[in-house]
Amino acid sequence: AEYGLKQNYPNPFNPFTIIGYQIPVRGEVTLKVYDLLGREVATLVDGIQDAGFRTVQFNGSMLSSGIYYCRLVSGPYFGTMKILLLR
């Protein structure tokens, strides 16, 4: 097993999407969403988790249409992906 941030589904989304990620060892995990200016708009995960694959639902109903970045940080790993909210 290895670290990984999977592309959200569906993408583009309106207003809900599912984001998958995997961590190989127990540890601190943060999963946040940022706008194009780098401002944090949502914290989806923030805490210690066991190893394995997980999914989390993101609700973008309070955000405007556009491109956002989802960032996973756990141990030595950090991954970022673009997600697109279309109204």
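Going by the structure above, here's the rest.
Conventions used here
Residues numbered from 1 in each chain as written. Predicted model: local features only at pLDDT ≥ 70, side-chain atom pairs only at ≥ 80, totals over all residues. Heavy atoms only, no water. Helix = DSSP H or I, 4+ residues; strand = E, 2+ residues; numbered from the N terminus. Polar contact = N/O pair within 3.5 Å; in protein donor to acceptor, adjacent residues only side chain to side chain. Contact = heavy atoms within 4.5 Å. Phe/Tyr/Trp six-rings, centres within 6.5 Å; stacked < 30°, edge-to-face > 60°.

Chemist: I keep staring at the side chain of K32 and nothing clicks. Help me out?
Modeler: Position of K32 relative to the elements: it lies in strand β3 (residues 27-34). A distance of 3.4 Å separates polar atoms of two side chains, one belonging to K32 and the other to E40. Setting aside chain neighbours within four positions, we find K32 in contact with E40, A42, T43, Y69, C70 and R71.

Chemist: Got a minute to help me understand the packing of aromatic side chains in this structure?
Modeler: How two aromatic rings sit relative to each other is given by the distance of their centres and the angle of their planes. One pass over the full model with this rule turns up 2 aromatic pairs. Look at Y3 and Y77: their rings are 5.5 Å apart centre to centre, the planes differ by 5°, and that puts the pair in the stacked class. Here Y77 lies in strand β7 (residues 77-85) and Y3 lies in the segment before β1 (4-5), a separation of 74 residues in the sequence. For the ring pair F13 and F58, a centre distance of 5.9 Å and an interplane angle of 65° mean the geometry is edge-to-face. Remark: F58 occurs in strand β5 (residues 52-59) and F13 occurs in the loop between β1 and β2 (16-23); sequence separation between them is 45 residues.

The values reported here are purely geometric and, on their own, carry no functional implication.
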